[in-house]
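Listed below are the residues making up each chain.
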Amino acid sequence: MLQPMSHPTDRPPPEVPTRPGWVPREPIPDPGGRPDWAVPAALLATAVVYPAAFWLRVVPLWPALAALAAVSWWAAWHPYLRVRLRPTWRLAAAGAASGLALYALCLAGALVARETPLWPGIQDVAGLARRGAPLGVAAVVAVLGVAPGEEVLWRGAMFARATRRLGAGWRPVAEVTATYAAFVALSGSLALVLAAVVCGAVWARQRQVTGSLVPGVVSHAVWALLVLLYLPGPPAA
């Protein structure tokens, strides 16, 4: 009888090398000295910065996001990321393609939303992002700060933790995406939550299938830059 074809996600993820019957792709090095409270501290910082910058607007947006990205990177760093962040042309191309596709989807959604109650919220967030700093500064923070910082925290540390508990398959993707969207919801923007659900699921799935953070980082950076520059909304400052 023919055996069903295996899928890359049916294999053991590298974060669970000791599960019986599973062969690890790569040996997992020592944690590297990060304290146990580092990732919870980054999540707490996220829970403070998002409402303070987006909703209450008591702190400037882009400096707050840059600081949060630095905290997230520090908290989530693990030596295995040296392998997970090793770029190849194929991984980068996959990320660029998904970033363009996600931007096209968001653009289509924004155009449809013109006729819905979502439109004022989209305009409001776009105006905040574009007028919170010079466009060049905002683009640099989005591409070199927010995108890699969020990917290392959510699709790096958080996805690794979820996979250790839940194994391969759809459950760690669903858990990390739902948690990511719940934190983004603290911004008070429904449009950002919808984007977090769609984009977060794609980035988590790319992380799972490829075993690499590179596609997610590139995709997130491409998507963030295009949304900042070209999503319908108030012009940049």
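What counts and what doesn't
Residues numbered from 1 in each chain as written. Predicted model: local features only at pLDDT ≥ 70, side-chain atom pairs only at ≥ 80, totals over all residues. Heavy atoms only, no water. Helix = DSSP H or I, 4+ residues; strand = E, 2+ residues; numbered from the N terminus. Buried < 20%, exposed > 50% of the residue type's maximum accessible area, 1.4 Å probe, protein only. Contact = heavy atoms within 4.5 Å. Areas by Shrake-Rupley, 256 points an atom, 1.4 Å probe, with all protein chains shown as cover. Phe/Tyr/Trp six-rings, centres within 6.5 Å; stacked < 30°, edge-to-face > 60°. Lys, Arg positive; Asp, Glu negative; His and termini not counted. Salt bridge = Lys/Arg side-chain N within 4 Å of Asp/Glu carboxyl O. 1 Å grid on protein atoms, 1.4 Å probe; cavity = no way out; pocket = protein on both sides within 12 Å on 5 of 7 lines; lining within 4 Å. Points joined across faces, edges and corners; volume = space filled by probe spheres on them. Expected span 1.5 Å × (residues − 1).

1. Overview of the overall build of the protein
Step number 1: Across its full length, the protein holds nine helices and zero strands.
Step number 2: What you see in the protein, going N to C, is helices and strands ordered as α-α-α-α-α-α-α-α-α.
Step number 3: Taking all 237 residues of the protein together, the buried fraction comes to 46%.
Step number 4: At a minimum sequence separation of 6, the contacts of the protein that also span at least 24 residues come to 78%.
Step number 5: Within the structure as shown, the protein displays about 11,900 Å² of accessible surface, and the carbon and sulfur contribution to it stands at 70%.

2. Section: the packing of aromatic side chains
Step number 1: Within this structure, the stated rule accounts for six aromatic pairs.
Step number 2: Here Y50 and F54 contribute two aromatic rings whose centre-to-centre distance is 5.9 Å and whose plane-to-plane angle is 70°, an arrangement assigned as edge-to-face. Taken together, the positions of Y50 and F54, both in helix α1 (residues 38-55) and four residues apart, correspond to about one turn of that helix.
Step number 3: What makes Y50 buried here is its relative accessible area of 6%.
Step number 4: Aromatic ring contacts, followed pair by pair, group W154, Y180 and F183 into a single cluster.

3. Quick look at the side chain of E150
Step number 1: Among the secondary structure elements, E150 is positioned in helix α6 (residues 135-166).
Step number 2: For the buried E150, no salt bridge is present, and the opposite-charge side chain at shortest range is R155, 4.7 Å distant.
Step number 3: Sequence-distant contacts of E150, that is, excluding residues within four places in its chain, are made with Y50, R155, Y180 and H220.

4. Things to note about the layout of surface pockets
Step number 1: One number sums up the size of the largest pocket: a volume of about 840 Å³.
Step number 2: As for the largest pocket, its lining consists of 36 residues, of which V125, L192, A195, W223 and V227 are closest to the centre.
Step number 3: Elements represented by at least two residues in the lining of the largest pocket include exactly α1, α2 (61-76), α4 (89-113), α5 (118-131), α6, α7 (170-184), α8 (190-210) and α9 (214-230).
Step number 4: Looking at the lining of the largest pocket element by element, the count peaks at eight residues for α8.

5. Describing α7
Step number 1: Helix length check: α7 (15 residues) gives 21 Å between terminal C-alpha atoms against 21 Å at 1.5 Å per residue, within 8%.
Step number 2: Of the surrounding secondary structure, the elements contacted by the buried residues of α7 are α1, α6, α8 and α9.

Just geometry here; none of it tells us what the structure is for.
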